[in-house]
Amino acid sequence: MNTPLLDVRDLVVRYGAVTAVDQVSFSLHSGETLALNGPSGCGKSSTAHAVLQLRRPDSGEVRFEGRELTTLTERELRPLRPRMQPVFQDPYGSLSPRHRIRDAVAEPLKVQGRWSREGGPDRVAELLDRVGLDPAYGDRLPHELSGGQCQRAGIARALASDPRLLVLDEPVSALDPSVRAGVLNLLADLQDDLGLGYLFICHDRAVVRHFADRVLEMRGGRIIT
Amino acid sequence: MRLRVQGLPTAAGVTRVLSLLAVVAAVGLLPWLSGRDPALTVLRARSAEQEPTKEALDAVRSDLGLDAGPLDLLGSWAADLLHGDLGTSWVSGTDVLPSVVSGLQVSLALMGAAFALALLLAAALVAPVLVRGRRSAGAFAAMLAAVPEFLLATVALLVCGVWLGWLPTSGWQGPAYMVLPALALGVPAGGLLGRLVADALPAVLDERWVELWRGAGVSRARISAAALKRVLPQLVPQFGMAAVGLTGGAVAVETVFAVPGIGRTALGAAKSQDLPLLQGAVLALLLLGLVMGAVAAFTRRRLLGPALRDASLALPAARPVRTHPAIPLTLLTVLAVAIGWGLLRDPYTVNTAARLAAPSFSHPLGTDGLGRDVIARLGHGAAPTVGTAAAVCALSLLVALILGFLPGVAAGAADIANALPPVIVGILVAAAAGPGTGGAALAVALISWPPLAAHAAALVQEVRASAFLTAQRAIGASPSWILTRHVLPSVAAPVARHALLRLPGIALALASLGFLGLGAQPPAPEWGLLLDESRAYVERAPWAALAPAVALALLAGLAVSGAAYAQGRRVPRTGGAGSTGSTGKKKEALVEV
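Residues numbered from 1 in each chain as written. Chains lettered and ligands numbered in written order. Predicted model: local features only at pLDDT ≥ 70, side-chain atom pairs only at ≥ 80, totals over all residues.

J.: Go over the pairing of strand 7 (residues 165-169) of chain A, please, and point to the residues and values.
T.: All names here are of chain A. Burial analysis of strand 7 places five of its five residues in the buried class, which makes it a mostly covered element. Across the two faces of strand 7 the burial is the same, with Leu-165, Val-167 and Asp-169 and Leu-166 and Leu-168 all buried. For strand 6 (residues 84-87) and strand 7, the ladder comprises four bridges, and the chain directions are parallel. By the bridge assignment for strand 7, Gln-85 is matched with Leu-166. By the bridge criterion, five bridges tie strand 7 to strand 8 (residues 197-202) in an arrangement that is parallel. Among the inter-strand pairings, Leu-165 is bridged to a residue of strand 8, identified as Gly-197. Remark: the strand 7/helix 6 (residues 177-194)/strand 8 crossover connection has right-handed handedness. (Buried ≥ 20, exposed ≤ 12 C-beta atoms within 10 Å, placed from the backbone. Helix = DSSP H or I, 4+ residues; strand = E, 2+ residues; numbered from the N terminus. Pairing = 2+ DSSP bridges. Right-handed = clockwise from strand over helix to strand, strands pointing away.)

J.: Provide a residue-level description of unusual backbone geometry, including the pertinent values.
T.: Residues and elements named next belong to chain A. We note that Glu-65 has phi near 50°; this positive angle belongs to a residue other than glycine. Note on placement: Glu-65 falls in the loop between strand 4 (59-64) and strand 5 (67-68). Here the phi dihedral of Glu-170 falls at roughly 50°; this positive angle occurs in a residue that is not glycine. Mapped onto the fold, Glu-170 is located in the loop between strand 7 and helix 6. Assessed through the 21 C-beta atoms surrounding it within 10 Å, Glu-170 is described here as buried.

J.: Residues and numbers for the sheet that holds strand 5 of chain A, please.
T.: All names here are of chain A. Read across the open sheet, the four strands follow the order 2-1-4-5; overall the sheet is antiparallel. What marks the edges here is a single partner per strand, and that holds for strand 2 (18-28) and strand 5. Of the strands in this sheet, strand 1 (6-15), strand 2 and strand 4 are in contact with helix 1 (residues 44-51), which crosses strand 1 at around 115°. (Contact = placed C-beta atoms within 7 Å. Axes fitted to C-alpha atoms, helices over the stretch in contact; angles between N-to-C directions.)

J.: Mind laying out helix 8 (residues 149-163) of chain B, listing which residues take part and the relevant values?
T.: Residues and elements named next belong to chain B. Taking 1.5 Å per residue, 15 residues should reach 21 Å; helix 8 reaches 20 Å between its end C-alpha atoms and fits that length. Turning to helix 8, its buried residues number three or more, namely Glu-149, Phe-150, Leu-151, Leu-152, Ala-153, Thr-154, Ala-156, Leu-157 and Leu-158. With its phi angle positive at about 65°, Gly-165 sits one or two positions after the end of helix 8. (Expected span 1.5 Å × (residues − 1).)

J.: Now, about the nonpolar core: what can you tell me, with residues and values included?
T.: In this structure, Ala-266, Ile-427 and Ala-453 of chain B are the most contacted members of the largest nonpolar core, which totals 157 residues. Looking at this core, the element that brings in the most residues is helix 9 (residues 175-205) of chain B, giving 15 residues. Counting contributing residues, this core receives three or more from each of domain 2 (93-308) and domain 3 (326-591) of chain B. If we ignore the near neighbours within four places in the chain, the residues touching Ala-266 of chain B are Val-251, Leu-278, Ala-281, Val-282, Leu-285 and Ile-427 of chain B. Leu-165, Cys-202 and Ala-212 of chain A together with Ala-467 of chain B belong to the second-largest nonpolar core, a separate cluster that totals 67 residues. (Core = buried A, V, L, I, M, F, W, Y, C linked by C-beta atoms within 7 Å. Domains from an automatic or database assignment.)

J.: How would you explain the packing of helix 12 (residues 262-271) of chain B against helix 17 (residues 422-433) of chain B if you had to name every residue and give the values?
T.: Residues and elements named next belong to chain B. Closest axis-to-axis distance for the helix 12/helix 17 pair is 9 Å, and the angle between their directions is 15°. Comparing their axes, helix 17 and helix 12 come out roughly parallel. Of the two possible hands of crossing, helix 12 and helix 17 adopt the one that is left-handed. Where helix 12 approaches helix 17, its residues Ala-266, Leu-267 and Ala-270 are matched on the opposing element by Ile-427, Ala-430 and Ala-431. In terms of residue class, the contact of helix 12 with helix 17 is built from six nonpolar, no polar and no charged. (Parallel < 35°, antiparallel > 145°, perpendicular 65-115°, else oblique. Left-handed = near helix turned anticlockwise from the far one by under 90°. Nonpolar A, V, L, I, M, F, W, Y, C, P; charged D, E, K, R; others polar.)

J.: Kindly report on the confidence of the model for chain B, identifying the contributing residues and their values.
T.: Residues and elements named next belong to chain B. Across chain B, the average pLDDT comes to 77, with 84% of residues at or above 70. The secondary-structure element of chain B with the lowest mean pLDDT is helix 25 (residues 580-591), recorded at 34, while helix 10 (residues 208-215) shows the highest, at 88. In the predicted structure, residues 1-8 sits below a pLDDT of 50 and forms three contacts with residues beyond four places in sequence or in another chain. This stretch, residues 571-593, has a pLDDT under 50; its non-local contacts, to residues over four places away or in other chains, come to 23 contacts. (pLDDT = per-residue confidence, 0-100.)

J.: So what about the interface of chain B and chain A? Which residues, and what values?
T.: Contact residues are listed per partner, giving 15 residues for chain B and 21 residues for chain A. Where the side of chain B that touches chain A is concerned, the elements lending two or more residues are helix 20 (467-474) and helix 21 (479-501) of chain B. In terms of residues, the side of chain B that touches chain A owes the most to one element, helix 20 of chain B, which gives six residues. Among the residues making up the side of chain B that touches chain A, the classes are represented as eight nonpolar, six polar and one charged.

J.: I'd like a rundown of the sheet that holds strand 8 of chain A, residues and numbers included.
T.: All names here are of chain A. If you walk across this open sheet you meet the six strands as 6-7-8-3-9-10, and the pairing is mixed. Only two strands of the sheet have a single partner each, and these edge strands are strand 6 and strand 10 (222-223). Here strand 3 (residues 33-37) runs beside strand 9 (residues 214-219); their pairing, made up of four bridges, is parallel. What sits directly across from Leu-34, in strand 9, is Arg-214.

J.: Give a detailed account of the packing of helix 15 (residues 374-404) of chain B against helix 18 (residues 437-448) of chain B, specifying residues and quantitative values.
T.: Residues and elements named next belong to chain B. Relative orientation of the contacting elements helix 15 and helix 18 amounts to 40°, with a least axis distance of 9 Å. The angle between the axes of helix 15 and helix 18 places the two elements in the oblique class. The element helix 15 and its partner helix 18 pack so that their crossing is right-handed. Along the contact surface, helix 15 presents Pro-384, Thr-388, Ala-391, Val-392, Leu-395 and Ser-396, while helix 18 presents Thr-437, Ala-441, Val-444, Ala-445 and Ser-448.

Structure (structure tokens):
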């Protein structure tokens with residue numbers, strides 16, 4: 001068996017005296033969806049942030065594409081960050097209220113030095129089209145879109161970084177049941193086409209039952225299954 | 001939120017102590033800071049006929065201990081201070097302590113009377129809200145709160161003292177002498193207290209429990225008492241700030257009514273360069289401010305009780321008083337027309353034949369004591385006042401933006417800055433650098449940043465906590481990219497708007513320093529100075545005093561109505577986003593006006 005895309009060993013995250021994530025271990029391969037399921041406060045979002053190194057874990061290993069992340073400095077980590085992207089729960093909160101959708105999707109290209117005057121706008125239009133948004137929506141501000149459209153824009157922004165892993169932090173919990181299926185189908189299509197690995201954070205087992213390849217149950221900071 | 005409450009006291013506490021020490025050290029170092037030779041002052045005061053020869057000056061200098069370095073000076077001053085020795089007045093040669101104590105007694109009596117009056121006025125402003133229910137009396141109260149003490153004192157002197165002749169206007173010989181000063185000092189404070197409570201009450205009276213109690217047949221009086229009890233603890237810190245404001249207002253009021261209080265002592269000492277007396281008086285004023293702040297903090301703890309100290313029971317967001325845009329626009333137009341008209345005329349030509357002329361076709365607002373055209377002086381005085389105020393605004397905006405990223409450091413320094421009224425800082429700066437526009441601007445800038453910094457800190461915290469900023473880190477953006485593309489743009493624009501709203505208030509603070517002779521110097525046509533100059537002729541030529549007084553009142557009105565209009569506009573917009581916590585925080589920052 002080849003090396004896993006993501007390999008987490010004995011991850012610990014503490015907030016003061018509280019241990020939010022306690023000795024969590026799992027691994028995930030490309031093209032695979034692993035769900036972390038549990039009630040609120042069980043440490044699943046802390047796990048997601050620690051995997052993304054957005055909050056440095058207190059101990060344990062996070063090995064991504066064979067490379068250990070926890071020992072890297074912030075500067076060493078920055079070029080690797082695009083390879084693993086988050087999608088957040090709150091579709092509006094994850095986009096800057098002051099920037100147009102097009103600028104939000106273009107920003108990773110600019111930050112990562114892949115923007116050009118000719119190719120840039122086309123790439124943004126292509127990404128918006130890829131997530132099922134009419135590129136005309138690029139001119140709008142987040143509050144002018146519906147929750148589902150915003151979440152698609154958030155996914156387009158994540159794809160702009162050409163990631164291998166998406167950490168989906170309850171990506172459909174804040175959406176209407178009617179648009180949930182659409183977003184989940186989009187994610188499934190993207191995974192088939194691009195071979196992405198998904199770490200899917202969720203508190204509703206019914207949502208992930210059909211979507212995930214494996215489901216890990218978390219309670220009180222520990223994985224119990 | 002709770003993390004912030006637990007984490008900050010150390011940083012805030014350290015800066016609070018450091019800022020306080022810095023202020024006290026500045027007071028102690030005044031003789032060294034004031035570049036001019038104090039020995040000259042002393043020599044002139046002690047023996048007017050003696051020539052300022054080098055030997056005579058050296059003798060005075062070693063007599064005062066000025067030949068030692070600044071650190072020795074500070075050390076010996078602090079050591080004497082601990083023994084209760086405030087030094088000897090350079091001018092009169094008497095001990096400073098007795099003058100400070102007697103001044104303090106007079107000022108405390110005056111402030112006590114003013115505070116009682118303020119409470120009465122606040123009760124009168126709040127009563128209609130409790131009796132009639134929802135409607136807020138905030139607009140009228142805000143108007144009263146914006147009128148600066150020196151303006152009110154001058155108008156009260158003019159109307160009650162001079163025209164009607166009801167009350168004595170100068171001195172301190174009995175209860176009758178206390179009425180006008182207490183009125184001038186108490187009305188703005190009462191307006192502020194009344195406004196704070198009246199603004200907060202309607203939202204509290206809309207809370208569920210009021211309906212429940214009413215349905216259960218609880219009397220209106222008991223509901224009112226409970227609502228007040230719900231509102232007051234959160235407002236006590238701002239009550240404390242109003243009390244601190246009294247110490248600054250006392251300087252102006254005591255000067256106008258010739259009350260021998262500590263404020264007038266401090267101002268007189270600053271003007272005559274009698275630094276030991278000034279040190280003693282300013283120290284007493286600082287102490288007064290700190291004690292009032294401590295009393296406010298203690299009262300709040302007692303009112304809240306142990307369970308609620310962490311402010312877990314926040315007040316509902318106050319519903320701001322909406323103002324029709326026509327009101328600030330009208331005030332602005334009237335001011336702009338008067339200023340524009342005046343700018344076309346000559347403010348400096350002295351015409352002794354036309355001294356104190358009544359308003360006429362050739363002089364629409366009359367002439368002053370030197371026969372200069374009043375409207376021309378008003379117009380020409382506006383440009384430098386507004387320009388200086390704009391510079392002060394820009395400076396405090398810059399400080400606020402920097403400190404917004406260091407909320408721990410800012411909180412401690414802000415506590416000290418809040419405890420210092422502009423007049424007292426103005427006295428200190430004027431004593432160190434000499435009176436002037438630059439010094440006055442520096443003094444106002446030193447203390448006008450805290451509300452802006454609080455606003456900036458709230459916004460920075462809000463932006464930093466947002467998911468889109470986390471997404472920025474995830475795409476590999478550098479801290480400088482995040483700061484310049486996302487954090488600063490979200491913070492700078494709203495804080496800059498807030499700073500603009502404070503422009504009229506800052507102009508008033510500058511005018512109050514000008515009025516006391518601590519700002520622009522004659523013959524500059526600065527508005528505060530105009531009002532001060534015209535006081536001497538108030539009986540013969542009331543119009544000369546009335547014109548700057550009305551102009552300043554219009555400015556105060558503009559400050560209040562402009563702020564109310566902008567606040568009323570802001571609320572529905574941010575409220576729509578559904579983040580009630582953040583709008584509440586923003587409003588808290590705004591309430592600290």
